[in-house]
Amino acid sequence: MKVLVAVKRVVDYNVKVRVKADGSDVDIANVKMSMNPFDEIAVEEAVRLKEAGKVTEIVAVSLGVKQCEETLRTALAMGADRAILVETDAELQPLAVAKLLREVAKRENPDLMILGKQAIDDDANQTGQMVSALLDWPQGTFASKVDVADGALLVTREIDGGLETLKLALPAVVTADLRLNEPRYVKLPNIMAAKKKPLDKTTPADLGVDVAPRLKTLKVAEPAKRSAGIKVANAAELVARLKTEAKVL
Ligand code: AMP
């Protein structure tokens, strides 16, 4: 079984992002970039399936600027076998990413595509669902457990009411939720070994995809600053203040 894993390069989750002075976007100059945390979980799951003998090949795919190579090398160090970079300086929105992934899937013919449930930069939570629709493959989103049984995929999903288990025919699309696994710590020998693993490059033009943005960002702004809270002495004072000051009771 062959797995394609989509890994996005995003601003590291520890960085406090700043808005550009002209309000056009988030400023990513000189900011630490890392693999989207949900994509680390996606790679980890693919590697665990390979270690369990259920997967034979893992191909990591990233779409974006040249530096996405670093993100792909991390995926290779975690255990992916080879990588594909779809290189472009263009702004990629979820629909464009989904179309590019569809074309990569057509070339690679994977049995399974694993993505993160969302990218922590745009928080869109759209790509997995879109690529599943474009390929007409079944989808198991927000997966907290994945297993392969009798040529099908069992996906346990986190939903509002609790957990739901779906049986998906392959090929299928899965998006990884936080509790699916805890990604491994990458060790130096694996980082060195990853440098020798194959990394192929292509472009949106090669794949015949028009990536022109369909959405326009009007303005990016910092959230309003929260004012400091106050401490109340007891429940009676809390109720009084909620009535007279906050006027919510
Ligand atoms: P989003 O729909 O933007 O929240 O992204 C959901 C998931 O799609 C991410 O966790 C990645 O697995 C994948 N994805 C989105 N954008 C890219 C990209 N530029 N390169 C690789 N994977 C991506």
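Here's what I pulled together on the structure shown here. (Residues numbered from 1 in each chain as written. Predicted model: local features only at pLDDT ≥ 70, side-chain atom pairs only at ≥ 80, totals over all residues. Heavy atoms only, no water.)

**Here we look at the overall build of the protein**
Right, on to step 1. Secondary structure summary: the protein contains six helices and 13 strands in total.
Right, on to step 2. Counting only C-alpha atoms, the protein reaches 65 × 45 × 40 Å along its principal axes.
Right, on to step 3. Scored against the burial criterion, the 249 residues of the protein give a buried share of 43%.
Right, on to step 4. Carbon and sulfur atoms provide 53% of the accessible area of the protein, an area that totals close to 14,100 Å².
Right, on to step 5. Computed over 37 positive and 36 negative side-chain charges, the inter-centroid distance for the protein is 3 Å. (Helix = DSSP H or I, 4+ residues; strand = E, 2+ residues; numbered from the N terminus. Buried < 20%, exposed > 50% of the residue type's maximum accessible area, 1.4 Å probe, protein only. Areas by Shrake-Rupley, 256 points an atom, 1.4 Å probe, with all protein chains shown as cover. Lys, Arg positive; Asp, Glu negative; His and termini not counted. Charge placed at Lys NZ, Arg CZ, Asp CG, Glu CD.)

**Topic: helix H1 (residues 37–51)**
Right, on to step 1. Here H1 is 15 residues long and its end C-alpha atoms lie 21 Å apart, about the 21 Å a rise of 1.5 Å per residue gives.
Right, on to step 2. Within H1, burial applies to Phe 38, Asp 39, Ile 41, Ala 42, Val 43, Glu 44, Glu 45, Ala 46, Val 47 and Leu 49. (Expected span 1.5 Å × (residues − 1).)

**Remarks on the environment of Met 33**
Right, on to step 1. Following the sequence through the fold, Met 33 ends up in strand E5 (residues 33–35).
Right, on to step 2. Each C-alpha atom, one on Met 33 and one on Gln 67, is 9.4 Å from the other, the two residues being 34 residues apart in sequence.
Right, on to step 3. If sequence neighbours within four positions are ignored, Met 33 has contacts with Arg 9, Val 10, Val 11, Asp 12 and Ile 28. (Contact = heavy atoms within 4.5 Å.)

**With respect to the side chain of Glu 103**
Right, on to step 1. In this fold, Glu 103 is placed in helix H3 (residues 94–108).
Right, on to step 2. Look at Glu 103 and you get buried, because its relative accessible area is 15%.
Right, on to step 3. Leave out the neighbours within four places in its chain, and Glu 103 touches Leu 207 and Val 209.

**Description of the sheet that holds strand E9 (residues 139–149)**
Right, on to step 1. One open sheet accounts for nine strands, arranged E11-E10-E9-E12-E8-E1-E6-E7-E13; its pairing is mixed. Of all strands in the sheet, those with a lone pairing partner are strand E11 (162–169) and strand E13 (199–202), marking the two edges. Taking each pair of neighbouring strands and ignoring which way they run, the sheet shows an average axis angle of 30 degrees.
Right, on to step 2. The pairing of strand E7 (residues 82–87) with E13 spans four bridges and is classified as parallel. Looking across to E13, one finds that Ile 84 is bridged to Asp 200.
Right, on to step 3. Helix-sheet contacts for H1 involve strand E1 (2–6), strand E6 (57–64), strand E8 (112–116), E9 and strand E12 (172–176), and the interaxial angle to E8 is about 145 degrees. (Pairing = 2+ DSSP bridges. Axes fitted to C-alpha atoms, helices over the stretch in contact; angles between N-to-C directions.)

**Looking at the environment of Asn 234**
Right, on to step 1. The residue Asn 234 is located in the loop between E13 and helix H6 (235–244) in this model.
Right, on to step 2. At 3.3 Å, the side chain of Asn 234 and the backbone nitrogen of Ala 236 are in polar contact. (Polar contact = N/O pair within 3.5 Å; in protein donor to acceptor, adjacent residues only side chain to side chain.)

**What about the side chain of Lys 99?**
Right, on to step 1. Looking at the element boundaries, Lys 99 is found in helix H3.
Right, on to step 2. Of the side chains with opposite charge, Asp 210 lies nearest to the buried Lys 99, which makes no salt bridge, at 6.5 Å. (Salt bridge = Lys/Arg side-chain N within 4 Å of Asp/Glu carboxyl O.)

**Structural notes on the site of the ligand**
Right, on to step 1. Taken together, 18 residues form the shell around the ligand, and within it Asp 39, Leu 63, Ala 119, Asn 125 and Thr 127 come nearest.
Right, on to step 2. Here Ala 6 contributes a backbone N or O atom positioned 2.9 Å from an oxygen atom of the ligand.
Right, on to step 3. Contact with the protein chains hides 98% of the accessible area of the ligand, taken as 490 Å² for the molecule alone.
Right, on to step 4. Of all the secondary structure elements, the ones that give two or more residues to the shell around the ligand are E6 and E8. (Near = heavy atom within 4 Å.)

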